[in-house]
Amino acid sequence: ATLCFQAFLQMCNLPIRVVCRANAEYMSPSGKLPFIHVGNQVVSELGPIVQFVKAKGHSLSDGLDEVQKAEMKAYMELVNNMLLTAELYLQWCDDVTVEEITHPRYGSPYPWPLNRILSYQKQWEVRRKMKAIGWAGKTLQQVLEDVDQCCQALSQRLGTQPYFFNKQPTELDALVFGHLFTILTTQLTTDELSEKVKHYSNLTAFCRRIEQQYFEGNDKESSSTAAARSAKKSLLR
Amino acid sequence: MAAPMELSCWGGGWGLPSVHPESLTVMAYAKFSGAPLAVNTINNSWRASKGDVPVLISEDTVISQPAKILNFLRKQKYNADYELSAKQGADTLAYIALLEERLLPSLLHTFWVDAENYCSVTKPWFASRIAFPLSLYLPGKMSREALNRILLTRGGPPFCSLTEVEAQIYRDAKECLNLLSKRLGTSQFFFGDTPTTLDAFVFGFLAPIYKVCFPRVHLQEHLKQLPNLCRFCDDILTCYFRLTASG
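Residues numbered from 1 in each chain as written. Chains lettered and ligands numbered in written order. Predicted model: local features only at pLDDT ≥ 70, side-chain atom pairs only at ≥ 80, totals over all residues. Heavy atoms only, no water.

### Topic: the overall build of chain B
Cut-off, in case you're wondering: Every helix listed is a DSSP run of H or I at least four residues long, and every strand listed is a run of E at least two residues long, numbered separately from the N terminus. Every radius of gyration here is taken over C-alpha atoms, with the globule rule written as 2.2 Å times N^0.38, N being the number of residues. Between buried and exposed lies partly exposed: a residue is buried under 20% and exposed over 50% of the maximum accessible area for its type, with that area taken using a 1.4 Å probe on protein chains only. Residue contacts are counted whenever heavy atoms from the two residues lie within 4.5 Å of one another. Here the Shrake-Rupley method, with its probe set to 1.4 Å, supplies the accessible areas, and only the displayed protein chains count as covering residues. His residues and chain termini do not enter the charge count, which takes Lys and Arg as positive and Asp and Glu as negative. By convention, the charge on Lys lies at NZ, on Arg at CZ, on Asp at CG and on Glu at CD.
When helices and strands are tallied, chain B shows nine helices and four strands. Its helices and strands in sequence order give chain B the pattern β-α-β-β-β-α-α-α-α-α-α-α-α, from N to C terminus. The C-alpha atoms of chain B give a radius of gyration of 18 Å, which matches the 18 Å a tight globule of 247 residues would have. The proportion of buried residues among the 247 residues of chain B is 54%. When contacts within chain B are restricted to residue pairs at least 6 apart in sequence, those whose partners lie at least 24 apart make up 72%. Counting only carbon and sulfur atoms, one obtains 53% of the accessible surface of chain B, whose full area is about 10,900 Å². With 24 positive and 22 negative side-chain charges, chain B shows a separation of 2 Å between the mean positions of the two kinds.

Given below as structure tokens:
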């Protein structure tokens, strides 16, 4: 999600500095990451941040007509509904991934036993949510099929265009880039998730294009992204 | 010739073949695609206690959840989306996600969480269709599950109280209705002249809001200000369910 954000702000041509903090979730007004700190205002989550940025006079979707805006919002919900939920499922409900990757990573800033307690607490919260929306009964295979269906829809919508709404990027492009790039570059116990995305060549080309256009030049300036990027590798390799 | 398929679902009222959004979605899809379904409305619900309604039974196969039922019907060659392009198929998925994320919480709230609506309309209606003693327990369970779902998906900071969550979910629902209205425009259905999966889902979610008479109706009032969506629901009721628009 952090990447969706950075991409969105880069697309608006707004300079940002990324800082990693262990207690970031507690600093955020909504408990969710990422959040931005501008002057004496703190705003979290992509929706409110887009509104905040729009109120300051920057918007990526002004050129869209009403029907296109409706479509953009629908596709953003599709990404939240399917991709985000699938990512959460994989991180917190797939036992192998939870043991080998999530628990160590989530608990890493804290000493024992706090690391285990906090990460079990988070796992319990996520599993409750999955149960409420009907995902608790799904197998990993079914979740991967849902991801495939979502990627297929995104791929069909994107077609051969450079961005979802042709020549200019919008919030949707930032959101999709953030999620797909994370899936493609984060190491998990299995490659099945990233293989689903790689199956759609226009989506990988889309990610590469945005990475090159909006992130390449900023690598030297932002040393604090190095920590975030150490777990990720560039798509170009 | 396929053996007749049986659909178990919640019954109707207020001029609707069913008051339950998921059941209504499946019934509408079956009408659009010409699938022969024998509809059984529930009046004793051991099955419903597992949250399985609507349920399709075909020979030995039992399928629950609207998306899976619709997939099954498509595999049986009852496909309402036959003429859609790949992009329109993708749009269908996206708009269904919009309905589930933005409209469903307030629909659940209107039926199951708003105290006045629940006590005066929802609970008596469902309890009258559930066998004793389950009727004492099941509506309460469905209400708690609805509240749980709303709070887990939309609650949490910065909302400190249920009132704030409620205000947000109704704002989102009104925005969703506005977006659907803009997307529909002056067309009869969302993709031209023939109804598809998306029309079934939109109808399933909108018709209960439109027709069921609750004491607290702000969502219904907002919907009535979008005449093309009202016309959309009325057309489907008259053409496919042979019920009068006035109910």
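### Here we look at the side chain of Ser33(B)
All names here are of chain B. The residue serine 33 is located in helix 1 (residues 21-33) in this model. Here serine 33 falls in the buried class, since its relative accessible area comes to 15%. Residues in contact with serine 33, not counting those within four places in the same chain, are Tyr78, Asn79 and Ala80.

### As for the confidence of the model for chain A
For residues with low pLDDT, the predicted coordinates do not support detailed interpretation. So the rule is basically this: A score from 0 to 100, pLDDT tells how confident the predictor is in each residue.
Chain-level pLDDT for chain A is 78 on average; 81% of the residues reach the 70-or-more range. Within chain A, no element has a lower average pLDDT than helix 11 (residues 225-229) of chain A, which sits at 38, and none a higher one than helix 7 (residues 140-158) of chain A, at 91.

### Topic: the interface of chain A and chain B
Let me state the cut-off plainly: What counts as buried area is the accessible surface, traced by a 1.4 Å probe, that two parts surrender upon association, with contributions from both included. Three categories are distinguished: nonpolar for Ala, Val, Leu, Ile, Met, Phe, Trp, Tyr, Cys and Pro, charged for Asp, Glu, Lys and Arg, and polar for the others, with Gly belonging to the last.
Across the boundary between the two partners, chain A contributes 22 residues, which contact 23 residues of chain B. With both sides pooled, the region where chain A packs onto chain B buries about 2,200 Å², and carbon together with sulfur makes up 62% of that total. Sort the elements by how many residues they give to the side of chain A that touches chain B and helix 4 (residues 66-92) of chain A lands first, with 10 residues. Of the residues belonging to the side of chain A that touches chain B, the class tally is nine nonpolar, five polar and eight charged.

### What to know about the UniProt feature "domain: Metaxin glutathione S-transferase" (unreviewed entry) in chain A
Using the following cut-off: UniProt positions are given in the numbering used here, feature names are shortened, and annotations may be inferred rather than shown by experiment.
In this numbering, the UniProt entry assigns the feature "domain: Metaxin glutathione S-transferase" (unreviewed entry) to residues 148-210 of chain A. Segment residues 148-210 of chain A splits into 68% helix and 0% strand. End C-alpha atoms: 22 Å apart.

### Topic: the packing of helix 7 of chain A against helix 3 (residues 86-113) of chain B
The condition that has to hold: All axes here are fitted lines through C-alpha atoms, helices being fitted over the stretch that makes contact, and every angle between N-to-C directions spans 0 to 180 degrees. Note on terminology: angles under 35 degrees are roughly parallel, angles over 145 are roughly antiparallel, angles of 65 to 115 are roughly perpendicular, and the others are oblique. Definitions for this section: a left-handed crossing has its near helix turned counterclockwise from the far helix by less than a right angle. A right-handed crossing has that turn clockwise.
Two elements in contact, helix 7 of chain A and helix 3 of chain B, have axes whose closest approach is 8 Å; the angle formed by their N-to-C orientations is 130°. Relative to helix 3 of chain B, helix 7 of chain A is oriented oblique. Both helix 7 of chain A and helix 3 of chain B take part in a crossing whose hand is left-handed. Facing Gln149(A), Ala153(A), Gln156(A) and Arg157(A) of helix 7 of chain A, the residues of helix 3 of chain B in contact are Ala86(B), Lys87(B), Ala90(B), Asp91(B) and Leu93(B). Residue classes in the contact of helix 7 of chain A with helix 3 of chain B are distributed as four nonpolar, two polar and three charged.

### Thoughts on the domain arrangement of chain A
All names here are of chain A. Heads up, the condition is: Domain start and stop points were drawn from an automatic or database domain assignment. A pair is scored as a salt bridge if a Lys or Arg side-chain nitrogen falls within 4 Å of a carboxyl oxygen belonging to Asp or Glu.
Assigned domains of chain A: these are domain 1 (1-59) and domain 2 (63-207). The contact between domain 1 and domain 2 buries some 1,000 Å² in all, and 72% of this surface belongs to carbon and sulfur atoms. The tally of links from domain 1 across to domain 2 stands at zero salt bridges. Mapped onto the side of domain 1 that touches domain 2, the elements with two or more residues apiece are helix 1 (2-11), helix 2 (24-27) and helix 3 (46-55). With five residues, helix 1 is the single largest residue contributor to the side of domain 1 that touches domain 2. Residues of the side of domain 1 that touches domain 2, tallied by class, amount to nine nonpolar, no polar and one charged.

### Some remarks on the packing of aromatic side chains
Ring pairs (aromatic) are described by centroid distance and by the angle formed between their planes. For the record, the criterion: Two rings belonging to Phe, Tyr or Trp (six-membered ring only in the last case) form a pair when the distance between their centres is within 6.5 Å. Interplanar angles under 30 degrees mark stacking, angles over 60 mark edge-to-face geometry, and anything in between is tilted. Any Lys NZ or Arg CZ found within 6 Å of a ring centre and within 35 degrees of that ring's normal is scored as a charge over the ring.
Inspection of the entire model under this criterion finds 11 aromatic pairs over all chains. An angle of 75° between the planes, with centres 4.8 Å apart, marks the rings of Trp10(B) and Phe126(B) as edge-to-face. You can see Trp10(B) sitting in the loop between strand 1 (5-9) and helix 1 and its partner Phe126(B) sitting in helix 4 (residues 115-127), a full 116 residues away along the chain. Here Trp10(B) matches Phe126(B) in class, with each residue buried. Taken together through their ring pairs, the aromatic side chains of Trp10(B), Trp112(B), Tyr118(B), Trp125(B) and Phe126(B) make up a single cluster. Here the basic side chain of Arg157(A) rests over the ring of Phe165(A), its NZ or CZ set 4.8 Å away from the ring centre.

### What to know about the sheet that holds strand 2 (residues 37-41) of chain B
Residues and elements named next belong to chain B. Applicable threshold: At least two bridges found by DSSP between two strands is the condition for calling them paired.
Pairing is mixed across the open sheet formed by four strands, whose spatial order is 2-1-3-4. Taken across any chain shown, the strands that pair with only one partner, and hence form the sheet edges, are strand 2 and strand 4 (61-64). Mean inter-strand twist for the sheet, computed between neighbouring axes without regard to direction, equals 20°. In the sheet, strand 1 pairs with strand 2 via five bridges, with the strands oriented parallel.

### Thoughts on a nonpolar patch on the surface
Residues and elements named next belong to chain B. Note the cut-off: Within this analysis, patches are made of residues with over 30% relative accessible area and no salt bridge. Like charges are joined at 9 Å or less; nonpolar side chains (Val, Leu, Ile, Met, Phe, Trp, Tyr) at 5 Å or less.
On the surface, Phe132, Leu136 and Tyr137 cluster together into a nonpolar patch covering about 400 Å² of accessible area. With respect to the helices and strands, the residue phenylalanine 132 is situated in the loop between helix 4 and helix 5 (134-154). Taking relative accessible area as the criterion, phenylalanine 132 reaches 63% and is therefore assigned exposed.

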